Amino acid sequence: MTKFVVIASSKGGVGKTTTAINLGTALTLFGRDVIVVDCNLSTPNVSLYLGAPNIPITLHDVLSKNKNITDALYMHSHGLKIIPASTSIKDWGKIDYVLLEKLIKNLSGIADYVILDSAAGLNEEAINALKMGDELLIVTTPDLPAVSDALRTIKIAKSHNKMIKGVLLTRVFDDELELTIEDVETILETKVIGIIPEDDSIRESVKMKNPVTHTHPNAPSSMGYKHLAAEMLGEKFVESVEKDDGMFDYMLKRLGLK
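Keep in mind that this is a model prediction, so the values were computed, not measured. (Residues numbered from 1 in each chain as written. Predicted model: local features only at pLDDT ≥ 70, side-chain atom pairs only at ≥ 80, totals over all residues. Heavy atoms only, no water.)

This part covers the pattern of salt bridges. Any two side chains of opposite charge can pair, so long as their charged atoms come close to each other. Under the criterion given, the structure shown has 7 salt bridges. E198 serves as the salt-bridge partner of R171, at 2.9 Å between the closest nitrogen and oxygen. Residue R171 is found in strand 7 (residues 163-172), and its partner E198 is found in the loop between strand 8 (192-197) and helix 8 (200-208); the two are separated by 27 residues along the sequence. Notably, a salt bridge pairs R203 with D200, separated by 3.7 Å at the nearest N-O pair. Here R203 and its partner D200 are both found in helix 8, 3 residues apart, which amounts to about one turn of the helix. (Salt bridge = Lys/Arg side-chain N within 4 Å of Asp/Glu carboxyl O. Helix = DSSP H or I, 4+ residues; strand = E, 2+ residues; numbered from the N terminus.)

This is how it looks when you write it as structure tokens:
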């Protein structure tokens, strides 16, 4: 059964697109079939992050030219599938959100996870993305303005009876200037299920036009996304495999003996 997960926050710049892509690639490492859909139709970035700015058929084309949504489905070299939106200004315009939701739901049955990268804010575009998900992952940095915006997103989601999977804290410096995990959970009344440290590897991966989970597989941010994927799946992430331990070490850790 396909699960539709919305990556959401009304605050821009907290790492929604980075999370959509790297959570998606991390889930593929666990053997899941994943599609990332760029539902940020006004300012899309998924294709840019992956080094493919000029796509023959985009989600905008599907909406405006009566095409099948699978016509805009592309396979990344690392196994992740994406449905990008158009980055061209000429494709901006009024979106038929009823049609969009119908098209997105047509992806049911062809992937284990469909991850929807939503727009920032709480406008019509962002709210319609929220409504298309089975559950939401709320992304925020550990500072009061961003957490306050995350609280607004949670309230809107709950008003539409959407399940909140949890909160992901990004760009975490782990210093006294930040809100603690306990602070964030108290304000949002929602569990923090993942932490992504501030890490230059993410900036390097964007320049390399590839997910950090592949460009820097052992970087702190990459490990954070793999732990998040494991949490989403209810599975255990065994770091020893990432560190090239031998099979004996791997088995010991799986058995809880190391």
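On we go from here.
Time to look at the layout of surface pockets. Computed from the structure, the largest pocket encloses a volume of approximately 420 Å³. Around the largest pocket, the lining is made up of 22 residues, and of these G13, V14, G15, T18 and Y49 lie nearest the centre. Looking at the lining of the largest pocket, the elements with two or more residues in it are helix 1 (16-29), strand 7, strand 8 and helix 8. Each residue belonging to the lining of the largest pocket can be placed in one class, and the counts come to 8 nonpolar, 9 polar and 5 charged. (1 Å grid on protein atoms, 1.4 Å probe; cavity = no way out; pocket = protein on both sides within 12 Å on 5 of 7 lines; lining within 4 Å. Points joined across faces, edges and corners; volume = space filled by probe spheres on them. Nonpolar A, V, L, I, M, F, W, Y, C, P; charged D, E, K, R; others polar.)

Those residues of helix 8 lying buried are S201, I202 and S205. One side of helix 8 holds all its buried residues, which, seen down the axis, span an arc of 100 degrees. Helix 8 presents R203 and K207 as exposed residues on the side facing more than 90 degrees away from its buried surface. The inward-facing, buried residues of helix 8 contact helix 1, strand 8, helix 9 (212-215) and helix 10 (220-233). Two to three positions downstream of the cap, the backbone nitrogen of S201 sits 2.9 Å from a side-chain oxygen, assigning the N-cap of helix 8 to D199. (Buried < 20%, exposed > 50% of the residue type's maximum accessible area, 1.4 Å probe, protein only. Arc of directions from axis to C-beta. Contact = heavy atoms within 4.5 Å. Polar contact = N/O pair within 3.5 Å; in protein donor to acceptor, adjacent residues only side chain to side chain.)

What follows deals with empty space enclosed by the protein. Following the criterion strictly, the structure yields 2 cavities of 30 Å³ or more and no others. Here the largest cavity is characterised by a volume of approximately 70 Å³. Every residue lining the largest cavity is listed: T18, I21, N22, Y49, L50, I202, S205, V206, N210, P211 and V212. Of all elements in the fold, only helix 1 and helix 8 reach the threshold of two or more residues within the lining of the largest cavity. Each residue belonging to the lining of the largest cavity can be placed in one class, and the counts come to 7 nonpolar, 4 polar and no charged. By volume, the second largest cavity is sized at about 30 Å³.

Across a sheet, paired strands are connected by hydrogen bonds in the backbone, their directions being either parallel or antiparallel. Spatial ordering of the open sheet is given by 3-4-2-5-1-6-7-8, a layout of 8 strands whose pairing is mixed. Because the sheet does not close on itself, it has two edges, and the strands there are strand 3 (74-75) and strand 8. With 3 bridges joining them, strand 2 (residues 34-38) and strand 4 (residues 81-83) adopt parallel strand pairing. Bridge assignment links V36 to a residue of strand 4, and that residue is I82. (Pairing = 2+ DSSP bridges.)

Moving on, we come to the packing of helix 1 against helix 10. Look at helix 1 against helix 10: their axes get within 8 Å of each other, and the N-to-C directions meet at 70 degrees. With respect to helix 10, the element helix 1 is oriented roughly perpendicular. In terms of crossing hand, the pair formed by helix 1 and helix 10 is right-handed. Residues T18, T19, N22, L23, A26, L27 and L29 of helix 1 touch helix 10, and the partners they reach there are Y225, K226, L228, A229, M232 and L233. Its residues assigned to classes, the contact of helix 1 with helix 10 shows 9 nonpolar, 3 polar and 1 charged. (Axes fitted to C-alpha atoms, helices over the stretch in contact; angles between N-to-C directions. Parallel < 35°, antiparallel > 145°, perpendicular 65-115°, else oblique. Left-handed = near helix turned anticlockwise from the far one by under 90°.)

What follows concerns the environment of I154. Residue placement: I154 occurs in helix 6 (residues 144-159). Residues I154 and L188, spaced 34 residues apart in sequence, show a C-alpha to C-alpha distance of 7.7 Å.

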